[in-house]
Amino acid sequence: MYDIKKIREDFPILSRQVYGKPLVYLDNAATTQKPLCVLDAMREEYLNVNANVHRGVHYLSQQATDLHEAAREKVRQFINARKTEEIVFTRGTTEAINLIASSFCDSQMKEGDEVVVSDMEHHSNIVPWQLQAQRKGIVVRHLPINDDGTLCLDHLDDYLTEKTKMVSIAHVSNVLGTINDVQLIVRKAHEHDIPVLIDAAQSAPHMPIDVQQLDCDFMAFSGHKMYGPTGIGVLYGKEQWLDRLPPYQGGGEMIDKVSWERTTFERLPFKFEAGTPDYVATHGLATAIDYLNTVGLDSVKSHEQELTHYCMEQLKTIDGMRLFGQAKHKDAVVSFLVGDIHHLDLGTLLDRLGIAVRTGHHCAQPLMDRLGITGTVRASFALYNTKEEVDMLVAAIRRISQMF
């Protein structure tokens with residue numbers, strides 16, 4: 001049984017007030033709140049185990065290293081990777097995608113080669129490839145979307161040519177909530193020996209993920225969107241691919257031997273982890289994964305999809321409501337506009353009523369151009385949100401729309 005009352009008790013911030021109103025936090029696609037167990041675990045490590053990891057011979061360093069590498073194993077289990085060598089810690093999804101864009105283009109692509117993204121991508125999965133287009137002359141192609149917010153997968157084969165060297169695609173849209181059929185995309189790409197990178201920033205907190213079942217070549221996600229700390233993320237890569245790619249950054253931790261003549265690099269995954277890692281944040285991420293596993297990702301998925309459907313149906317009862325993203329398979333995100341009310345105005349007034357939503361282009365300006373708008377209001381859900389909060393959102397929007 002999904003005990004929402006007990007879950008909410010794990011997040012003290014949810015009981016605070018904003019402008020004298022109970023906080024209704026619906027900005028989870030931007031970042032989630034953190035349970036006490038994550039905060040306690042990180043505080044405990046700073047108080048009792050703080051020491052730099054790897055190569056330290058003293059007790060604290062060895063203990064900190066054990067926690068750091070245990071976190072890597074926890075992540076491996078979470079996404080069912082084959083080996084911990086396939087788990088690279090990064091600062092987040094953005095750095096993970098930049099790492100692949102840089103290292104992959106440097107070693108696997110030449111001028112005129114193509115990468116396929118889509119019209120619904122976050123800027124983090126557009127700009128890194130555009131930078132490589134400027135530097136190396138590669139071509140960024142974008143798969144279009146249908147009016148209901150689904151990918152035009154009927155056209156996918158036309159985008160997979162002998163020039164295509166990578167497909168980089170969002171698992172779930174951060175604006176539309178569309179759950180893309182990444183398994184189909186991977187299968188079709190692999191028929192042409194094209195690797196696939198999945199941006200899982202908006203799926204890892206909401207549903208079980210099995211990288212072996214998906215057969216993706218790379219995957220990226222962020223800790224702060226899945227109840228963990230900021231500044232920590234994960235890049236998964238198949239061992240055979242990571243072995244082939246050059247390091248993204250140079251420095252300590254990632255070297256085997258350095259001389260004035262040449263440098264050789266550490267084994268995986270350390271080849272891609274230059275400098276001191278955020279070893280406390282990795283422990284926090286592992287604790288967040290434990291928390292998600294305790295609640296149960298299947299239960300989380302069911303709860304959030306019920307909330308999403310309920311929110312969509314309730315918002316449809318408001319005059320002038322425009323909903324963006326009507327895919328059959330949709331999760332945890334509802335984007336909308338009401339009449340001629342500017343999204344910033346609506347978000348600001350909702351804030352004064354204690355309701356936290358996100359407004360603007362959501363780092364997806366090409367998608368906004370495709371939709372013919374400048375931005376939306378976005379309500380996004382987490383495992384601690386309730387139908388009562390949806391009701392409060394709907395009542396507040398109705399009140400504001402009557403003002404206008």
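Everything that follows concerns the structure shown earlier in this document.
The sections below set out a description of the structure shown in this document. Predicted model only: the values in this text are computed from it and were never measured.

**A few points about the pattern of salt bridges**
- Across all of its chains, the model carries 22 salt bridges by this definition.
- The shortest N-O distance in the salt bridge between arginine 72 and glutamate 69 comes to 2.8 Å. Pair noted here: arginine 72 and glutamate 69 are both in helix H3 (residues 59-79), with a separation of three residues, about one helical turn.
- Salt bridges linked by common partners bring Asp27, Arg358 and Arg378 together as one network.

**A word on the pairing of strand S8 (residues 196-199)**
- By the alternation rule, side chains of S8 split into Val196 and Ile198 and Leu197 and Asp199, which are all buried.
- Note that the unit made of strand S7 (residues 164-170), helix H7 (residues 182-190) and S8 has a crossover that is right-handed.

**Remarks on the packing of helix H2 (residues 36-48) against helix H10 (residues 279-295)**
- Closest axis-to-axis distance for the H2/H10 pair is 9 Å, and the angle between their directions is 150°. As judged from the angle between their axes, H2 and H10 are roughly antiparallel. The element H2 and its partner H10 pack so that their crossing is right-handed. Of the residues in H10, those in contact with Cys37, Val38, Ala41, Met42, Glu45 and Tyr46 of H2 are Tyr279, Val280, Ala281, His283, Gly284, Thr287, Ala288 and Tyr291.
- Classifying every residue of the contact of H2 with H10 gives ten nonpolar, three polar and one charged.

**Quick word on helix H12 (residues 343-352)**
- Among all positions in H12, only His343, Leu346, Gly347 and Leu350 are buried. Considered in projection along H12, the buried side chains sweep an arc of 95° and stay on one side of the axis.
- Here the buried face of H12 lies against strand S14 (333-338), strand S15 (355-356), strand S16 (358-360), strand S17 (376-380) and helix H14 (387-403).
- Downstream of H12 by one or two residues, glycine 354 has phi in the positive range, about 90°.

**Section: the sheet that holds strand S9 (residues 218-222)**
- The mixed open sheet is built from seven strands, whose spatial order is S4-S10-S9-S8-S7-S5-S6. On the outer flanks of this sheet lie strand S4 (87-90) and strand S6 (139-143), each paired with one strand and no other. The average undirected angle you get between the axes of adjacent strands in this sheet is 20°.
- Strand direction decides the pairing type here: strand S5 (residues 114-118) and S6, joined by five bridges, are parallel. Its bridge partner being in S6, glutamate 114 is matched across the sheet by valine 139.
- With respect to the sheet, H3 is in contact with S4, S9 and strand S10 (233-237), its orientation differing from that of S4 by roughly 115°.

**Observations concerning the sheet that holds S16**
- Reading across from one edge, S13-S14-S17-S16 is the order of the four strands in this open sheet, with antiparallel pairing throughout. For this open sheet the edge positions go to strand S13 (321-324) and S16, each flanked by a neighbour on one side alone. In this sheet, neighbouring strand axes are inclined to one another by 30° on average, regardless of whether the strands run parallel or antiparallel.
- Along the sheet face, helix H11 (residues 297-315) touches S13 and S14 and points at about 10° away from the line of S14.
- Of the strands in this sheet, S14, S16 and S17 are in contact with H12, which crosses S17 at around 40°.

**Observations regarding the side chain of glutamate 273**
- Tracing the sequence through the fold places glutamate 273 in the loop between strand S12 (263-265) and H10.
- Engagement of the side chain of glutamate 273 in a polar contact is seen with the side chain of arginine 72, the distance being 2.8 Å.
- If near-sequence neighbours (up to four positions away) are discounted, glutamate 273 is found in contact with Arg72, Ile87, Val88, Phe89, Gly252, Glu253 and Met254.

**Section: the packing of aromatic side chains**
- If you walk through the whole model with that rule in mind, you get seven aromatic pairs.
- With a centroid separation of 5.7 Å and an interplanar angle of 85°, the aromatic rings of phenylalanine 11 and tyrosine 291 are classed as edge-to-face. Residue phenylalanine 11 is found in the loop between helix H1 (4-9) and strand S1 (17-18), and its partner tyrosine 291 is found in helix H10; the two are separated by 280 residues along the sequence.
- Judged by its relative accessible area of 1%, phenylalanine 11 is buried.
- Plain terms: the ring middles of phenylalanine 104 and tryptophan 241 are 5.5 Å apart, the flat faces sit at 50° to each other, and that makes the pair tilted.

Conventions we followed
- Residues numbered from 1 in each chain as written.
- Predicted model: local features only at pLDDT ≥ 70, side-chain atom pairs only at ≥ 80, totals over all residues.
- Heavy atoms only, no water.
- Salt bridge = Lys/Arg side-chain N within 4 Å of Asp/Glu carboxyl O.
- Helix = DSSP H or I, 4+ residues; strand = E, 2+ residues; numbered from the N terminus.
- Buried < 20%, exposed > 50% of the residue type's maximum accessible area, 1.4 Å probe, protein only.
- Right-handed = clockwise from strand over helix to strand, strands pointing away.
- Axes fitted to C-alpha atoms, helices over the stretch in contact; angles between N-to-C directions.
- Parallel < 35°, antiparallel > 145°, perpendicular 65-115°, else oblique.
- Left-handed = near helix turned anticlockwise from the far one by under 90°.
- Contact = heavy atoms within 4.5 Å.
- Nonpolar A, V, L, I, M, F, W, Y, C, P; charged D, E, K, R; others polar.
- Arc of directions from axis to C-beta.
- Pairing = 2+ DSSP bridges.
- Polar contact = N/O pair within 3.5 Å; in protein donor to acceptor, adjacent residues only side chain to side chain.
- Phe/Tyr/Trp six-rings, centres within 6.5 Å; stacked < 30°, edge-to-face > 60°.

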